[in-house]
Amino acid sequence: MVTSPVVNTYPLSSYTFGTKEPKMEKDTSVADRLARMKVNYMKEGMRTSVEAILLVQEHNHPHILLLQIGNTFCKLPGGRLKPGENEIEGLKRKLTSKLGANSPALVPDWQIGECVAIWWRPNFETIMYPYCPPHITKPKECKKLFLVHLSEREYFAVPKNLKLLAVPLFELYDNVQVFRIHAFHLFASLYYLGCLL
């Protein structure tokens, strides 16, 4: 785990992008996802998930890498951890699954940094909070966002049914409905760490 609050961002052009076999989503709708989450909660307890903040530079502005599913939904790369799985190792596994090449020689050396945000899902609903409400004794999900320090050169293999977008951070601020990430808290966390000056 990298513990430096300094994040070096490199130009998007220094990275190489390829494709790999499609990675199908398990759910076709938000309602299906919440129903599956409820079934898994009954079997395994609270869902723990991790997501990666991957920063690059384009036109001297920081951009964040997001996976686009279809034409309207974007998300940070990551996903659900297996029960008892270490957060750092689980995030590396998820990043390799989503963005790593099929060849072990081309898989990025994921340098997982600080946890910059924690979000809680108190019920089987879409709303998440940056704190666990005090009256909730059994939250349904805990999601942690980690800063990932990218090397100057990497190869990313994107599943054919997804797009990897480099989105300027200023685009996230007023477009929460489009990008579906907690942009304000992401900004506050990155600013606090001194990543955005």
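Residues numbered from 1 in each chain as written. Predicted model: local features only at pLDDT ≥ 70, side-chain atom pairs only at ≥ 80, totals over all residues. Heavy atoms only, no water.

Identification of the chain as Pre-mRNA cleavage factor Im 25 kDa subunit from Citrus sinensis is taken from an unreviewed UniProt entry.

**Some details on the overall build of the chain**
Note the following rule: Counting from the N terminus, the helices are DSSP H or I runs at least four residues long and the strands are E runs at least two residues long. The classification of residues rests on relative accessible area computed with a 1.4 Å probe and restricted to protein chains. Under 20% of the type maximum is buried, over 50% is exposed, and intermediate values are partly exposed. In this description, accessible areas are obtained by the Shrake-Rupley approach with a 1.4 Å probe, and a residue is regarded as covered only by the protein chains that are shown.
In terms of helices and strands, the chain carries 5 helices and 9 strands. Along the chain, helices (α) and strands (β) appear in the sequence β-α-β-β-β-β-α-β-β-β-β-α-α-α when read from the amino end. Out of the 197 residues belonging to the chain, those deemed buried represent 45%. Total accessible area on the chain stands at roughly 10,700 Å², and carbon and sulfur atoms take up 55% of it.

**Remarks on the pairing of strand β2 (residues 47-58)**
Looking down a regular strand, the side chains alternate between one sheet face and the other. What counts here: Here the rule is simple: two strands pair whenever DSSP picks up at least two bridges between them.
The element β2 is largely enclosed, with a buried count of 9 among its 12 residues. Here 3 bridges tie β2 to strand β5 (residues 78-80), and the two strands are oriented antiparallel to one another. Bridge pairing links Val-50 to Gly-79 in β5. In textbook terms, the turn of a hairpin is the stretch between consecutive antiparallel strands, and for β2 and strand β3 (residues 61-69) this stretch comprises 2 residues, one of which, His-59, has a positive phi near 55 degrees.

**Notes on the nonpolar core**
For clarity, the threshold we go by: As used in this record, nonpolar core signifies buried Ala, Val, Leu, Ile, Met, Phe, Trp, Tyr and Cys residues forming a set joined through side-chain atoms within 4.5 Å. Throughout, a residue-residue contact means that at least one pair of heavy atoms, one from each residue, lies within 4.5 Å.
Trp-110 and Val-148 are the most contacted members of the largest nonpolar core, which totals 23 residues. Within the residue set of this core, elements represented by two or more residues are β2, β3, α2 (87-99), β7 (141-149), β8 (155-159) and β9 (162-168). Setting aside anything within four residues of it in sequence, one finds Val-148 in contact with Ala-52, Ile-53, Leu-54, Leu-91, Leu-95, Trp-110, Gln-111, Ile-112 and Gly-113. Counting residues in hydrophobic clusters, the runner-up holds 16 residues, among them Leu-66, Trp-119, Leu-145 and Val-167.

**Quick notes on the environment of Ile-69**
Tracing the backbone through its elements, the reader meets Ile-69 in strand β3. Considered as a pair, Ile-69 and Glu-25 are 44 residues apart in the sequence and their alpha carbons are 8.8 Å apart.

**Brief notes about the pattern of salt bridges**
Our working rule: Every case where a carboxyl oxygen of Asp or Glu lies within 4 Å of a side-chain nitrogen of Lys or Arg is listed as a salt bridge.
Under the counting rule described, the total for this entry stands at 8 salt bridges. A salt bridge links Arg-36 to Asp-27, with the nearest nitrogen and oxygen atoms 2.7 Å apart. Linking Glu-141 and Arg-121 is a salt bridge whose minimum nitrogen-to-oxygen distance equals 2.7 Å. Here Arg-121 lies in strand β6 (residues 111-121) and Glu-141 lies in strand β7, a separation of 20 residues in the sequence. In terms of burial, Glu-141 and Arg-121 fall into one category: buried. Three or more residues are tied together by salt bridges with common partners; here these are Arg-47, Arg-121 and Glu-141.

**Topic: unusual backbone geometry**
In terms of backbone geometry, most residues other than glycine have negative phi values and most peptide bonds are trans. The phi angle at His-59 is positive, at roughly 55 degrees, despite the residue not being glycine. Backbone geometry at Asn-60 places phi at a positive 60 degrees, although glycine is not the residue there. The topology assignment puts Asn-60 in the loop between β2 and β3. Its relative accessible area of 68% is what places Asn-60 among the exposed residues.

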